[in-house]
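These are the residues of each chain, in order.
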Amino acid sequence: MSQSTTTTGGTTLSIASGLRGRLTGRHLTRRLAQLYVGLALYGISSALLVRGGLGLEPWGVLHQGLAEKTGLTIGVVSIFVGAVVLLLWIPIRQKPGLGTVSNVFVIGVAMDATLALVPEAGGMAVRIALLVLGIVLNGMATGLYIAARFGPGPRDGLMTGLHRLTGRSIRLVRTAIEVAVVATGFLLGGSVGIGTVLYALSIGPLAQLFLRWFAIPEKDVRSTVVASGTPEQAILRR
């Protein structure tokens, strides 16, 4: 009797372990899909803002200004800037995750690919439509890749790292960085306009909305490639 019970118990444990393994695999697949779809969509949405021509998001202003001065594509500039910002993580002791490194490359590649396919906008109605679509898709993209919990983007990590080191509020640190970024980008020839203001006012609420839609339960997230911090600490920006 004892031997039979032991065998049955072992079989039950084996089945339970197998089910957990399959569930973990499915959740990992979902998280990876969310990460890369979100990052690609972020690059696409940023490109739509460029084609709209009514003003870019803060970091986009800098990327466009640098692209104007260097002759590089805006996507390539985005990759270089992301890499430089990532290097700034070293002195502030931030730990990157898979999402952090992927962010540097995927967004820039997706942005250049979209700009190659989408022509310049014509009338004002088309430009406004591209602006609105770009902002909404950007919020959706942010919710997707942050909810995947593979680590914040380089720019967000810089923000949260400085917040931790200085003790200043997240809002103050974010505002200071983005004002400096927009001012520098504008002086270099980047596009600042109504779209920049509309993006600043709407991206937070949109990202929060989509973050709830695409949230993955905390208990399902167990990966060694996740950087420390929660999605909320990523400040809903790249």
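Residues numbered from 1 in each chain as written. Predicted model: local features only at pLDDT ≥ 70, side-chain atom pairs only at ≥ 80, totals over all residues. Heavy atoms only, no water.

## Quick notes on the overall build of the protein chain
A count of helical and extended segments in the protein chain gives 9 helices and 0 strands. Helices and strands appear in the protein chain in the N-to-C order α-α-α-α-α-α-α-α-α. Counted over contacts in the protein chain with a minimum sequence separation of 6, partners at least 24 positions apart contribute 85%. (Helix = DSSP H or I, 4+ residues; strand = E, 2+ residues; numbered from the N terminus. Contact = heavy atoms within 4.5 Å.)

## Concerning the confidence of the model for the protein chain
Counting all residues, the mean pLDDT for the protein chain is 85, and 81% of those residues have values of 70 or more. This stretch, residues 1–9, has a pLDDT under 50; its non-local contacts, to residues over four places away or in other chains, come to 0 contacts. For the stretch residues 11–21, pLDDT sits under 50, and the model shows 0 contacts to residues farther than four places along the chain or on other chains. (pLDDT = per-residue confidence, 0-100.)

## Observations regarding the packing of helix H2 (residues 58–70) against helix H3 (residues 74–87)
In contact at an axis separation of 9 Å, H2 and H3 are set at 115 degrees when each is read in the N-to-C sense. Where H2 crosses over H3, the handedness of that crossing is right-handed. In contact with Trp59, Gly60, His63, Gln64, Leu66, Ala67 and Thr70 of H2, H3 contributes Ile74, Val77, Ser78, Val81 and Val85. Residue composition of the contact of H2 with H3, grouped by class: 7 nonpolar, 5 polar and no charged. (Axes fitted to C-alpha atoms, helices over the stretch in contact; angles between N-to-C directions. Left-handed = near helix turned anticlockwise from the far one by under 90°. Nonpolar A, V, L, I, M, F, W, Y, C, P; charged D, E, K, R; others polar.)

## Things to note about the side chain of Asn138
With respect to the element layout, Asn138 can be found in helix H6 (residues 124–147). We classify Asn138 as buried; its relative accessible area is 0%. Among the polar contacts made by the side chain of Asn138, one reaches the side chain of Tyr199 at a distance of 3.0 Å. (Buried < 20%, exposed > 50% of the residue type's maximum accessible area, 1.4 Å probe, protein only. Polar contact = N/O pair within 3.5 Å; in protein donor to acceptor, adjacent residues only side chain to side chain.)

## Examining the packing of aromatic side chains
Counted under the stated rule, the structure contains 3 aromatic pairs. A centroid spacing of 6.2 Å and a plane angle of 15 degrees characterise the contact between Phe210 and Phe214, whose relative ring orientation is stacked. The exposure class of Phe210 is buried, given its relative accessible area of 6%. Among the aromatic residues, those joined into a ring-pair cluster are Phe210, Trp213 and Phe214. (Phe/Tyr/Trp six-rings, centres within 6.5 Å; stacked < 30°, edge-to-face > 60°.)

## Thoughts on the nonpolar core
Trp59 and Ile177 are the most contacted members of the largest nonpolar core, which has 47 residues in total. When residues of this core are assigned to their parent elements, the largest contribution, 9 residues, is made by H6. (Core = buried A, V, L, I, M, F, W, Y, C linked by side-chain atoms within 4.5 Å.)

## Things to note about the pattern of salt bridges
Across all of its chains, the model carries 1 salt bridge by this definition. One salt bridge connects Arg51 with Glu120, and the closest N-O pair in it is separated by 3.1 Å. Placement of Arg51 in helix H1 (residues 2–52) and of Glu120 in the loop between helix H5 (98–117) and H6 is noted, with a sequence separation of 69 residues between them. (Salt bridge = Lys/Arg side-chain N within 4 Å of Asp/Glu carboxyl O.)

## Regarding helix H7 (residues 154–166)
With 13 residues, H7 ought to run about 18 Å at 1.5 Å a step, and its terminal C-alpha atoms sit 18 Å apart, in line with that. Burial in H7 covers these residues: Pro154, Arg155, Asp156, Gly157, Leu158, Met159, Thr160 and Gly161. Elements that come into contact with the buried residues of H7 comprise H2, H3, helix H4 (89–92), H5, H6 and helix H8 (170–188). Of the residues flanking the end of H7, it is Gly167, one or two places downstream, whose phi is positive at about 80 degrees. (Expected span 1.5 Å × (residues − 1).)

## Some thoughts on a nonpolar patch on the surface
On the surface, a nonpolar cluster with roughly 320 Å² of combined accessible area is contributed by Met124, Ile128, Val132 and Val136. Along the chain, the position of Met124 falls in helix H6. (Patch = residues over 30% accessible without salt bridge, like charges linked within 9 Å, V, L, I, M, F, W, Y side chains within 5 Å. Areas by Shrake-Rupley, 256 points an atom, 1.4 Å probe, with all protein chains shown as cover.)

## Comments concerning the packing of H2 against H8
For the pair H2 and H8, the least separation of the axes is 7 Å and the interaxial angle reads 30 degrees. The angle between H2 and H8 places the two elements in the roughly parallel class. Judged by the twist between their axes, the crossing of H2 over H8 is left-handed. Touching Pro58, Trp59, Val61, Leu62, Gly65, Leu66, Glu68 and Lys69 of H2 are Ile177, Glu178, Val181, Val182, Thr184, Gly185, Phe186 and Leu188, all from H8. Of the residues that constitute the contact of H2 with H8, the class distribution is 10 nonpolar, 3 polar and 3 charged. (Parallel < 35°, antiparallel > 145°, perpendicular 65-115°, else oblique.)

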